[in-house]
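Spelled out, the chains give:
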Amino acid sequence: MLVRLSAAIAAAVLLSGGAFAQDAKPTDPQIAHIAYTAGVIDVTAAKQALEKSENKKVKAFAADMVRDHEAVNKKALALVKKLKVTPEDNDTSRTLSKNAAAKLKELSALKGAAFDKAYVDNEVAYHKAVDSALETLLIPSASNAELKSLLQTGLKIFQGHEQHAEHVAAELK
């Protein structure tokens, strides 16, 4: 269970590769806000999939994302409280929110197999971006050892989410 929660924190950290400014090193309060924002966004996307999809595998994947990301956000909030860190809004978290709103609108216009494919393809791309951002930006930027360790553990689990998304995508073709 703790491993799944740790993975969820990793998932919560990132949503979209294009949202991460590679120039500036985020602070721990910024990383915390990015993580929480990304988690909320992925839960929202998964809930949309649960409402729109009729495909059992897509619905099962979306249910996993809701479960993991909600658990991660709960765990992330507990960690920032323990560390006495106040999450700080930043350009990355704002860009994540803006991009997610556009993607949700785009997906809302689709139905059936077209929706399923677009949702799962987006999830594959999202997970690839998360893994990359964790490895190259968020983990190296985290200064608190406990936060860094949680992100490293989460990365391993999140790579499993990426594989799951790819498997579902392959079955939809």
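Here is what the cut-offs are and how they apply
Throughout this document, residue positions are counted from 1 along each chain, in the order its sequence is written. Thresholds applied to this predicted model are a pLDDT of at least 70 for local features of residues and 80 or more for the giving and counting of side-chain atom pairs; totals over whole chains, interfaces and linings are not thresholded and use all residues. With hydrogens and water excluded, all non-hydrogen atoms of the structure serve as input to the side-chain values. Every helix listed is a DSSP run of H or I at least four residues long, and every strand listed is a run of E at least two residues long, numbered separately from the N terminus. We call two residues in contact whenever any of their non-hydrogen atoms come within 4.5 Å of each other. The Shrake-Rupley method, run with a 1.4 Å probe, gives the accessible areas here. Residue values count only the displayed protein chains as cover. When a carboxyl oxygen of Asp or Glu is within 4 Å of a side-chain nitrogen of Lys or Arg, the pair counts as a salt bridge. Burial classes: relative accessible area under 20% of the type maximum marks a residue as buried, over 50% as exposed, and values in between as partly exposed (1.4 Å probe, protein chains only). Definition of a polar contact: a pair of N or O atoms within 3.5 Å, with one able to donate and the other able to accept a hydrogen when the atoms are protein atoms, and with sequence-neighbouring residues admitted only if both atoms are side-chain atoms. Axis lines are fitted to C-alpha atoms, over the contacting stretch for helices. Their N-to-C directions set the angle, which ranges from 0 to 180 degrees. Roughly parallel covers angles under 35 degrees, roughly antiparallel covers those over 145, roughly perpendicular covers 65 to 115, and oblique covers all other angles. Crossing handedness is defined as follows: a turn of the near helix away from the far one that is anticlockwise and smaller than a right angle gives a left-handed crossing, while the clockwise case is right-handed. Residue polarity follows a fixed list, in which Ala, Val, Leu, Ile, Met, Phe, Trp, Tyr, Cys and Pro are nonpolar, Asp, Glu, Lys and Arg are charged, and the others, Gly among them, are polar.

Q: Honestly, the overall build of the chain in this entry has me stumped. Any pointers?
A: Check the secondary structure of the chain and you find six helices and zero strands. Going residue by residue from the N terminus, the α and β elements of the chain occur as α-α-α-α-α-α. Sequence separation of 24 or more characterises 83% of the internal contacts of the chain that already satisfy a separation of 6 or more. Of the roughly 8,500 Å² of accessible surface on the chain, a fraction of 56% belongs to carbon and sulfur atoms.

Q: How should the pattern of salt bridges be read in this particular structure?
A: Close approach of charged atoms lets side chains of opposite charge pair. Under the counting rule described, the total for this entry stands at eleven salt bridges. In this structure, the salt-bridge partner of Asp-64 is Arg-67, at a minimum N-O distance of 3.1 Å. Residue Asp-64 and its partner Arg-67 are both found in helix α3 (residues 56-82); the two are separated by three residues, about one turn of the helix. Note that Lys-128 and Glu-166 form a salt bridge whose closest N and O atoms lie 2.7 Å from each other. In this pair, Lys-128 is assigned in helix α5 (residues 112-141) and Glu-166 in helix α6 (residues 145-172), connecting sequence segments 38 residues apart. Because the salt bridges share partners, they merge into one network encompassing Asp-64, Arg-67 and Asp-68.

Q: It is not clear to me how the environment of Lys-25 should be interpreted in this structure. Could you clarify?
A: By the element assignment, Lys-25 lies in the loop between α1 (2-13) and α2 (28-52). Given a relative accessible area of 58%, Lys-25 falls into the exposed group. Taking the C-alpha atoms as reference points, Lys-25 and Ala-142, separated by 117 residues in sequence, lie 8.9 Å from one another. Not counting residues up to four positions away in its chain, the partners in contact with Lys-25 are Gln-30, Pro-140 and Ser-141.

Q: I keep staring at the side chain of Gln-30 and nothing clicks. Help me out?
A: You can see Gln-30 is positioned in helix α2. For Gln-30, a relative accessible area of 17% gives the class buried. Of note is the side chain of Gln-30, whose polar atom sits 2.9 Å from the backbone nitrogen of Thr-27. Leaving out residues up to four positions away in the same chain, Gln-30 has contacts with Lys-25, Glu-88 and Asn-90.

Q: Even after reading the chapter, I still don't get the packing of α3 against α5, so can you show me in this structure?
A: When two helices pack together, you describe them by how their axes are tilted relative to each other and by the distance separating the axes. In contact at an axis separation of 11 Å, α3 and α5 are set at 40° when each is read in the N-to-C sense. By the angle class used here, α3 and α5 are oblique. Remark: the crossing between α3 and α5 carries left-handed chirality. Only Asp-116, Tyr-119, Val-120, Glu-123, Tyr-126 and His-127 of α5 make contact with α3, whose side of the interface consists of Val-58, Phe-61, Ala-62, Met-65 and His-69. In the contact of α3 with α5, the residues fall into seven nonpolar, two polar and two charged.

Q: What should I look at first to understand the packing of α2 against α3 in this one?
A: Remark: α2 packs on α3, axes separated minimally by 8 Å, with the N-to-C direction vectors making an angle of 155°. Taken together, the axes of α2 and α3 are roughly antiparallel relative to one another. Handedness of the α2/α3 crossing: left-handed. Taking contact as the criterion, the partners of Ala-32, Ala-35, Tyr-36, Gly-39, Val-40, Asp-42, Val-43, Ala-46, Lys-47, Ala-49 and Leu-50 in α2 are, on α3, Lys-59, Ala-62, Ala-63, Met-65, Val-66, His-69, Glu-70, Asn-73, Leu-77 and Val-80. Classifying every residue of the contact of α2 with α3 gives 14 nonpolar, three polar and four charged.

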